[in-house]
Amino acid sequence: MAHGQRTILRGLAVIIRRRPLLSTAFLATAALTFIFGLKAIFYLTYWTDHRQKPIASWMSINHISRVWKVDADALNGALQISDSAMNGVSIARIAQEKGEPVQVIIKQIKSVIEQEHGEPPS
């Protein structure tokens, strides 16, 4: 270890001994900053990646609404769903309850997205 590094480590040890409460608060703050920074990075990469995914039967109205930035009420209107509790249910289940094929529901959802964004989803 170089002389400069040893001096820095001794200085840190002195600060920790003289101000234990301040040192603990600093370390806790640094740890929380690191954790929330990682959380923000994961959040951004998750939603950026999901924006590119095609609409699938496992997705819910809430999920599609958030990923494609479309109003959930507009999707409910296109699908003729009056109960907003269905927003958390998968498209497959909505299709099953309506007695329609999943592809018909997906087409209706894609048309709403196209109307709001001017381009069809992938």
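Look up a bit, the structure's there.
A few words on the overall build of the chain. Helix and strand content of the chain: six helices and zero strands. Listing the helices and strands of the chain from first to last along the sequence gives α-α-α-α-α-α. For the chain, the C-alpha radius of gyration of 25 Å lies well beyond 14 Å, the compact-globule estimate for 122 residues. Seen through its C-alpha atoms, the chain measures out along the principal axes to roughly 75 × 30 × 20 Å. For the chain, long-range pairs separated by at least 24 residues make up 54% of all intrachain contacts whose partners lie at least 6 apart in sequence. Accessible surface computed for the chain: about 8700 Å², of which carbon and sulfur atoms make up 62%. Separation between the mean location of the 14 positive side-chain charges and that of the 9 negative ones in the chain comes to 26 Å.

Judged by nonpolar contacts, the single largest core of 22 residues is most densely connected at Ile 55, Ile 64, Ile 91 and Ile 109. Listing elements by their share of this core, those giving two or more residues are helix 3 (61–67), helix 4 (72–79), helix 5 (91–98) and helix 6 (102–117). If we ignore the near neighbours within four places in the chain, the residues touching Ile 91 are Ile 55, Ala 56, Ser 57, Met 59, Ile 64, Val 102, Ile 105, Ile 106 and Ile 109.

What follows is about helix 4. When helix 4 is considered as a whole, its buried residues turn out to be Ala 72, Leu 75, Asn 76 and Leu 79. Each buried residue of helix 4 lies within a common arc of 100 degrees when the element is viewed along its axis, so the set occupies one face. Of the residues in helix 4, the exposed ones pointing more than 90 degrees away from the buried face are Asp 73 and Gly 77. Looking at the packing, one finds that the buried side of helix 4 touches helix 3, helix 5 and helix 6. In the stretch just after helix 4, Gln 80 is the one whose phi turns positive, near 55 degrees.

This next bit is on the packing of helix 5 against helix 6. Running from N to C, helix 5 and helix 6 point in directions that differ by 115 degrees, and their axes come no closer than 9 Å. Taken together, helix 5 and helix 6 sit at an angle that is classed as roughly perpendicular. Between helix 5 and helix 6 the crossing geometry is right-handed. On helix 6, the residues that touch Ile 91, Ala 92, Ala 95 and Lys 98 of helix 5 are Val 102, Ile 105, Ile 106 and Ile 109. Along the lines of polarity and charge, the residues of the contact of helix 5 with helix 6 split into seven nonpolar, no polar and one charged.

Looking now at the pattern of salt bridges. Overall, the coordinates contain one salt bridge when judged by the stated rule. Ionic pairing is found between Arg 93 and Glu 97, a salt bridge with its closest N-O pair at 3.1 Å. Separated by four residues within a single helix, Arg 93 and Glu 97 lie in helix 5, roughly one turn from each other. For Arg 93, a relative accessible area of 44% puts it in the partly exposed group. Overall, Glu 97 belongs to the partly exposed group, its relative accessible area being 46%.

Definitions and cut-offs
- Residues numbered from 1 in each chain as written.
- Predicted model: local features only at pLDDT ≥ 70, side-chain atom pairs only at ≥ 80, totals over all residues.
- Heavy atoms only, no water.
- Helix = DSSP H or I, 4+ residues; strand = E, 2+ residues; numbered from the N terminus.
- Rg over C-alpha atoms; globule rule 2.2 N^0.38 Å.
- Contact = heavy atoms within 4.5 Å.
- Areas by Shrake-Rupley, 256 points an atom, 1.4 Å probe, with all protein chains shown as cover.
- Lys, Arg positive; Asp, Glu negative; His and termini not counted.
- Charge placed at Lys NZ, Arg CZ, Asp CG, Glu CD.
- Core = buried A, V, L, I, M, F, W, Y, C linked by side-chain atoms within 4.5 Å.
- Buried < 20%, exposed > 50% of the residue type's maximum accessible area, 1.4 Å probe, protein only.
- Arc of directions from axis to C-beta.
- Axes fitted to C-alpha atoms, helices over the stretch in contact; angles between N-to-C directions.
- Parallel < 35°, antiparallel > 145°, perpendicular 65-115°, else oblique.
- Left-handed = near helix turned anticlockwise from the far one by under 90°.
- Nonpolar A, V, L, I, M, F, W, Y, C, P; charged D, E, K, R; others polar.
- Salt bridge = Lys/Arg side-chain N within 4 Å of Asp/Glu carboxyl O.

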